[in-house]
Amino acid sequence: MRPGLTGWVLLNASFAVKQYRLYGFLSDSMAFVVAVQAHYVLEGQYSEDGIVGMMDFKMDGLGFMLAFVDVVCAPFLYPTQCRYLAMYPEHMGPYAFAIVGIIFAVGVYIFRTSNAQRNLFRENPDHPAFKNMPLIQTKRGTRLLTGDW
């Protein structure tokens, strides 16, 4: 995971430098995309242990698809937004920048809190936080949390 994601951030930074060299400025949309995608990558590397418990990782496992995405898609496909913005700068303006920033912050909050809740439930399903939440008993004998996030 780390090599491909690190390449993604490095290519984004190089496209930001390319935009600055071509036009003499860094557009607000480029700064936003670089910052948001860097946040995604750094958070993924910081909380890497939480990624192992995610459904797509558990179901797919480590194989060709995951390796291919890490080595090819992450560093060479994901930075296409920055590549486009390097050649065709777009300015969002302060209002759009604020709205998109708020939407991003709310999304990060929901993502973090829901994953934290899921991980806590997996570690300790009898935790007092889940006392009055609805649960489903599965055929395997485990419980599935169906309330809150």
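Per chain, residue numbering runs from 1 following the sequence as it is written. Note on the predicted model: pLDDT of at least 70 is required for a residue's local features to be given, and 80 or more for side-chain atom pairs to be given and counted; whole-chain, interface and lining totals, by contrast, use all residues. Only hydrogens and water are removed before side-chain values are computed, so all heavy atoms of the structure are retained for them.

The subject of this paragraph is the overall build of the protein. The secondary structure content of the protein amounts to seven helices and two strands. Listing each helix as α and each strand as β along the protein from the N terminus yields α-α-α-α-α-α-α-β-β. Buried residues in the protein amount to 26% of all 149 residues. The way it works is that DSSP assigns letters per residue, a run of H or I at least four long becomes a helix, a run of E at least two long becomes a strand, and they are numbered from the N terminus. Each residue's exposure class comes from its accessible area (1.4 Å probe, protein chains only) as a fraction of the maximum for that residue type: buried when under 20%, exposed when over 50%, partly exposed otherwise.

Let's shift gears to the packing of aromatic side chains. Under the pairing criterion, centres of Phe, Tyr and Trp rings, with the six-membered ring standing for Trp, must be within 6.5 Å; the plane angle then separates stacked pairs below 30 degrees from edge-to-face pairs above 60, leaving the rest tilted. Across all of its chains, the model carries eight aromatic pairs by this definition. An angle of 75 degrees between the planes, with centres 5.4 Å apart, marks the rings of Phe-32 and Phe-97 as edge-to-face. You can see Phe-32 sitting in helix H2 (residues 28–46) and its partner Phe-97 sitting in helix H7 (residues 93–123), a full 65 residues away along the chain. Note on Phe-32 and Phe-104: the rings are 6.5 Å apart at their centroids and 80 degrees apart in plane angle, and the pair reads as edge-to-face.

When the UniProt feature table is mapped onto this chain numbering, "transmembrane region" (unreviewed entry) sits at residues 20–42, 62–80 and 92–111. Between the C-alpha atoms that bound residues 20–42 there is a distance of 24 Å. The span itself is 83% helix and 0% strand. Annotated as residues 62–80, this span is 74% helix and 0% strand, and its ends, taken at the C-alpha atoms, are 26 Å apart. UniProt positions are given in the numbering used here, feature names are shortened, and annotations may be inferred rather than shown by experiment.

Further remarks concern the pattern of salt bridges. Should a side-chain nitrogen of Lys or Arg be within 4 Å of a carboxyl oxygen of Asp or Glu, the pair is scored as a salt bridge. Applying the stated criterion across every chain yields a total of two salt bridges. With a shortest N-O distance of 2.8 Å, Arg-112 and Glu-43 are connected by a salt bridge. Here the residue Arg-112 occupies a position in helix H7, and Glu-43 occupies one in helix H2, the gap between them amounting to 69 residues.

Another aspect to go through is the packing of H2 against H7. Axis separation between H2 and H7 bottoms out at 11 Å; the angle between their running directions is 10 degrees. By the criterion of interaxial angle, the relationship of H2 to H7 is roughly parallel. Packed against H2, whose contacting residues are Asp-28, Phe-32, Val-36, His-39 and Glu-43, the element H7 presents Gly-93, Phe-97, Val-100, Gly-101, Phe-104, Val-108 and Arg-112 at the interface. In the scheme used here, Gly and all other residues not listed as nonpolar or charged are polar, with Ala, Val, Leu, Ile, Met, Phe, Trp, Tyr, Cys and Pro taken as nonpolar and Asp, Glu, Lys and Arg as charged. Residue composition of the contact of H2 with H7, by class: six nonpolar, three polar and three charged. Fitting a line to C-alpha atoms yields each axis, with helices limited to the stretch in contact; the angle taken between N-to-C directions then spans 0 to 180 degrees. For this classification, under 35 degrees means roughly parallel, over 145 means roughly antiparallel, 65 to 115 means roughly perpendicular, and everything else is oblique. A contact between two residues is defined here by any heavy atoms of the two lying within 4.5 Å.

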